[in-house]
Amino acid sequence: MQGMRAALLLVCVQCMLLASATRATDAALPVAPAPPSPAPTGAAAAGPAGPIVPDPDALLFAAPTTVDRIGRVVAAVMVNGKGPFRFIVDTGANYSTIAPQLVSALGLKTSAAQSMPIDGVTGSSSVPWVKIAALRVGDLVIQDKQVPVVWAPMMAGADGILGVAGLRNEKLLVDFAHNRVVISRSGLARAPYYYTHVYATRVHGGIMSLDGRVGGVRVLAIIDTGSERTIGNQALHDALYAHRKVTPVAVDVYGATTDIAPGEVDASPLIDLGPIRIGRVTLVFGQFHIFDVWHLTKRPAVIVGMDVLGTLSALGIDFRHAEIYIDTKYSFES
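Here the structure is a predicted model, which is why all the values come from computation and not from measurement.

## What to know about the overall build of the chain
Here is step 1: Within the chain, the regular secondary structure consists of four helices and 26 strands.
Here is step 2: The buried share among the 334 residues of the chain stands at 51%.
Here is step 3: Relative to all contacts within the chain whose residues are 6 or more apart in sequence, the contacts with residues 24 or more apart total 71%.

Structure (structure tokens):
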């Protein structure tokens, strides 16, 4: 039987270590719609305007996963004192990026003679960059940094990606149940008692990972709010399906670079990360470039994306203490 081939869009970019950030205090990020587009020059007067209906996506900062869409996490970010703009919060990236349309809107100048290397799921690339004086999220400030200019399908209208894996003294709370994202300074106070706490380990660039099992196979699980789908490496595929004779569904995988990688789609057995137990998930397997970057090609590993994380009620990461805390109200099993 011939395998089917389809196209699949995946984004999980990774490059240089995100530069250090200053102090952060408790700050629930405001729910603010994206800035309005300017009216066309010379447009005729249209008379009294009707009521403005906000874009529902502009009001969702912590969107949970539903049966027909992948959830995502968005922060209100000030860039060079202007905004707020909508940046996707990515726990799988230790740098931030800015979209070309925001570069244009802010009148920023891209590098003419130099480019910046980035690594994505499917390959590496060199992209232009801009110098940003200040990127502010609440009281978290990143100053005087070169930021790569990247557009990817998963951004879906967002103005950039806020890479948080490089943070050292902060904590992140994504509250899907109450549609809010909080970045605060990590202190002695712990999360509420009803959260389950799990100690994490850091891999490449400070990215948080958990030990777990997929269908009984021990795995290293990367927590990645910037990935739409959950992705397994070839070592995990071989451990699960080495002796199976069913022809898998083949896909072309597109990431943040121009490289296209072959992959295979398969229904996952139970993903067990302790407090997170998720079934009925479709995994994408392949020998993806990002696993080479992270030195995770020989042991089974999985990038846990928003198709899993978005089923939680809340997810928190304390970067200072390398701790993940979870409210599993919405998680489910097979």
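Structure's up, so let's keep going.
## Observations concerning the pattern of salt bridges
Here is step 1: All told, the structure shown has two salt bridges when counted by the stated rule.
Here is step 2: The salt bridge partner of Arg180 is Asp175, with a shortest N-O separation of 3.4 Å.
Here is step 3: Look at Asp175 and you get buried, because its relative accessible area is 6%.
Here is step 4: Here Arg277 and Asp272 are joined by a salt bridge, their closest N and O atoms 2.7 Å apart.
Here is step 5: On the accessibility criterion, Arg277 (29% relative accessible area) is partly exposed.
Here is step 6: For Asp272, a relative accessible area of 24% puts it in the partly exposed group.

## Brief notes about the nonpolar core
Note on soluble globular proteins: their nonpolar side chains tend to be buried together.
Here is step 1: Counting residues in hydrophobic clusters, the biggest one holds 61 residues, and the most contacted among them are Ile98, Leu162 and Ile324.
Here is step 2: Apart from the residues within four sequence positions on either side, Leu162 is in contact with Ala75, Phe87, Ile88, Val89, Asp90, Tyr95, Ser96, Leu135, Val137 and Ile183.

## Some remarks on the environment of Gly232
Here is step 1: You can see Gly232 is positioned in strand 18 (residues 231–233).
Here is step 2: We classify Gly232 as buried; its relative accessible area is 0%.
Here is step 3: Dropping the residues within four chain positions of it, Gly232 is found in contact with Leu283, Val284, Phe285, Gly286, Phe288, Phe291, Ala301 and Val302.

## Quick word on unusual backbone geometry
Here is step 1: Of note, the amide linkage connecting Gly83 to Pro84 takes the cis form, showing an omega dihedral of 5°.
Here is step 2: Mapped onto the elements, Pro84 comes out in strand 5 (residues 82–90).
Here is step 3: You will see that Asp144, though not glycine, has its phi angle at about 50°, which is positive.
Here is step 4: Locating Asp144 in the fold gives a position in strand 10 (residues 140–148).

## Points about the packing of aromatic side chains
Here is step 1: One pass over the structure, following the stated rule, counts two aromatic pairs.
Here is step 2: Centroid distance Tyr241 to Phe285: 5.8 Å. Interplanar angle 85°. Geometry classified as edge-to-face. Within this pair, whereas Tyr241 is found in helix 2 (residues 234–241), its partner Phe285 is found in strand 23 (residues 282–286), the two being separated by 44 residues in sequence.
Here is step 3: The class of Tyr241 is buried, set by a relative accessible area of 11%.

## Describing the side chain of Thr311
Here is step 1: Locating Thr311 in the fold gives a position in the loop between helix 4 (306–309) and strand 25 (314–318).
Here is step 2: At 2.6 Å, the side chain of Thr311 forms a polar contact with the backbone oxygen of Val308.

## So, the environment of Val73
Here is step 1: Structurally, Val73 can be placed in strand 4 (residues 72–79).
Here is step 2: Val73 gets classed as buried once you look at its relative accessible area, which sits at 0%.
Here is step 3: Separated by 13 residues in the primary sequence, Val73 and Leu60 have C-alpha atoms spaced 8.2 Å apart.
Here is step 4: Residues in contact with Val73, not counting those within four places in the same chain, are Phe61, Phe87, Ile88, Val89, Val174, Phe176, Val181, Thr225 and Met306.

## Overview of the side chain of Ser268
Here is step 1: When you line up the elements, Ser268 lands in the loop between strand 20 (260–267) and strand 21 (271–272).
Here is step 2: Under the relative-accessibility criterion, Ser268 is labelled buried at 9%.
Here is step 3: Those residues in contact with Ser268 that sit more than four places away from it in its chain are Val214, Tyr241, Val281 and Leu283.

## Brief notes about the confidence of the model for the chain
Here is step 1: For the chain, per-residue confidence averages 79 on the pLDDT scale, and residues scoring 70 or more make up 78% of the total.
Here is step 2: The low-confidence segment residues 11–54 (pLDDT under 50) makes 103 contacts with residues lying over four places distant or belonging to another chain.
Here is step 3: The model gives residues 330–334 a pLDDT under 50, and that stretch makes 20 contacts with residues more than four places away or in other chains.

## What about helix 2?
Here is step 1: Buried within helix 2 we find Ala235, Leu236, His237 and Tyr241.
Here is step 2: Looking at the packing, one finds that the buried side of helix 2 touches strand 16 (208–214), strand 17 (217–223), strand 18, strand 20, strand 23 and strand 24 (301–304).

What counts, and at which threshold
Just so you know, the residues in each chain are numbered from 1, in the order the chain's sequence is written. Only residues with pLDDT of at least 70 get local features here, since the model is predicted, and only at 80 or more are side-chain atom pairs given and counted; chain-wide, interface and lining totals rely on the full set of residues. Note: side-chain values were computed over all heavy atoms of the structure, leaving out hydrogens and water. Strands here mean DSSP runs of E at least two residues long; helices mean DSSP runs of H or I at least four residues long; both are numbered from the N terminus. When accessible area is computed with a 1.4 Å probe and restricted to protein chains, residues below 20% of their type maximum are described as buried, those above 50% as exposed, and intermediate ones as partly exposed. Note on contacts: a residue pair qualifies if any of its non-hydrogen atoms lie within 4.5 Å across the two residues. The salt bridge definition used is simple: a Lys or Arg side-chain nitrogen within 4 Å of an Asp or Glu carboxyl oxygen. Only buried residues count toward a nonpolar core. Its members are Ala, Val, Leu, Ile, Met, Phe, Trp, Tyr and Cys residues joined through side-chain atoms within 4.5 Å. Each Phe, Tyr or Trp ring, with Trp reduced to its six-membered ring, pairs with another whose centre is within 6.5 Å; inter-plane angles below 30 degrees give stacked pairs, above 60 give edge-to-face pairs, and intermediate values give tilted ones. Polar contacts, as used here, are pairs of N or O atoms within 3.5 Å; protein pairs need one atom able to donate a hydrogen and one able to accept it. Residues neighboring in sequence count only if both atoms are side-chain atoms. The predictor attaches a confidence to each residue, called pLDDT, with possible values from 0 through 100.

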